Amino acid sequence: MIPYLLPHLLDRAAEQWPDKDAFSFFGEGISYADLLRKSNSLANFLVANGVQRGDRVGIYLHKSLECAIAMYGIFKAGAAYVPLDPGAPTARINLLLRDCGIKHLISQPQKRHDLPEVVAKTAVHTIIGVNASPAEQIQAASWQAVFAHDGTTPPAVGLMGHDLAYIIYTSGSTGTPKGIMHTHASGLSLARLSA
């Protein structure tokens, strides 16, 4: 099969090298098979919690193995990810959450003290990766709860190469940050150029 979606790269790698490390970080690794299973679980969790094709999901994480799980899980849910720099001012993160209409945010316990200000007056109603909600009316979901969902198959969302995969924001140094939209096709083209 010729990959036409970004998660097809993971599917193919997990089939060819299931036990090989897909990513490693500070001495910890995640195999292709484990990454596939965990990203499928995240995708099924997101869809079960209302994520639809084309929705934007924020990734507010320091570099970690969970970043890869988040990206592929979001792809497999039919959504697009928006990376949010955890070192950026909370006002900038809040602006990007509002600009994209993000309802689901993937974060980590280390950012918990920033989360109430980050999500204030946004559409965020679910934060994944934390054990306790940082604010009223926001659901918290631990990774353990996410991984309890089916990891054998992703949800059927019917994506195409022209569907949105991710949005990268400019620095905004000359004004308001602007989102640059990338489809699965453009992301695959970039990956082929980088290989």
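For the structure itself, consult the block above.
Residues numbered from 1 in each chain as written. Predicted model: local features only at pLDDT ≥ 70, side-chain atom pairs only at ≥ 80, totals over all residues. Heavy atoms only, no water.

Asks: Can you help me understand the overall build of the protein chain in this one?
Replies: Each helix and strand counted, the protein chain has seven helices and nine strands in total. Compactness check: the protein chain gives a C-alpha radius of gyration of 16 Å against a globular reference of 16 Å for 195 residues, within 12% of the reference. Here the C-alpha coordinates of the protein chain stretch approximately 45 × 35 × 35 Å along the principal axes. Per-residue burial over the protein chain gives 47% buried out of 195 residues. Here the analysis covers contacts within the protein chain between residues at least 6 apart in sequence; of these, 60% occur between residues at least 24 apart. Taken as a whole, the protein chain presents about 9900 Å² of accessible surface, with 55% of it coming from carbon and sulfur. For the protein chain, the centre of its 16 positive side-chain charges and the centre of its 15 negative side-chain charges are spaced 7 Å apart. (Helix = DSSP H or I, 4+ residues; strand = E, 2+ residues; numbered from the N terminus. Rg over C-alpha atoms; globule rule 2.2 N^0.38 Å. Buried < 20%, exposed > 50% of the residue type's maximum accessible area, 1.4 Å probe, protein only. Contact = heavy atoms within 4.5 Å. Areas by Shrake-Rupley, 256 points an atom, 1.4 Å probe, with all protein chains shown as cover. Lys, Arg positive; Asp, Glu negative; His and termini not counted. Charge placed at Lys NZ, Arg CZ, Asp CG, Glu CD.)

Asks: What is the right way to read the nonpolar core from this model?
Replies: Across soluble globular proteins, nonpolar side chains have a tendency to be buried as a group. L35, L42, L46, I74, I106, I128 and W143 are the most contacted members of the largest nonpolar core, which totals 35 residues. Counting residues per element, the ones that place at least two in this core are α1 (6–16), α2 (32–48), β3 (56–59), α3 (65–76), α6 (143–146) and β8 (164–169). A total of eight residues in this core trace back to one element, the largest contributor, which is α3. In terms of nonpolar packing, the next biggest core, distinct from the first, is built from 21 residues, A80, L115, V119 and I127 among them. (Core = buried A, V, L, I, M, F, W, Y, C linked by side-chain atoms within 4.5 Å.)

Asks: Quick question: what am I supposed to make of the packing of aromatic side chains here?
Replies: Both the distance between ring centres and the angle between the ring planes are used here to describe each pair of aromatic rings. Considering all chains together, one arrives at six aromatic pairs under this definition. With a centroid separation of 4.7 Å and 85 degrees between ring planes, the pair formed by F25 and F26 is classed as edge-to-face. Measuring from ring centre to ring centre gives 5.4 Å for W143 and F147, while their planes differ by 25 degrees; the resulting arrangement is stacked. Its relative accessible area of 14% is what places W143 among the buried residues. (Phe/Tyr/Trp six-rings, centres within 6.5 Å; stacked < 30°, edge-to-face > 60°.)

Asks: Is there a simple way to think about the pattern of salt bridges in this case?
Replies: Working definition: two side chains of opposite charge can pair if their charged atoms are close together. For the structure on display, the rule yields five salt bridges. D34 is the salt-bridge partner of R37, the closest N and O atoms lying 2.5 Å from each other. Taken together, the residues R37 and D34, both in helix α2 and three residues apart, mark about one turn of the helix. Ionic pairing is found between D34 and K38, a salt bridge with its closest N-O pair at 3.4 Å. One end of the pair is D34 and the other is K38, both in helix α2 and four residues apart, which spans about a single turn. According to the relative accessible area criterion, K38 is buried, its value standing at 19%. The network of salt bridges with shared partners includes D34, R37 and K38. (Salt bridge = Lys/Arg side-chain N within 4 Å of Asp/Glu carboxyl O.)

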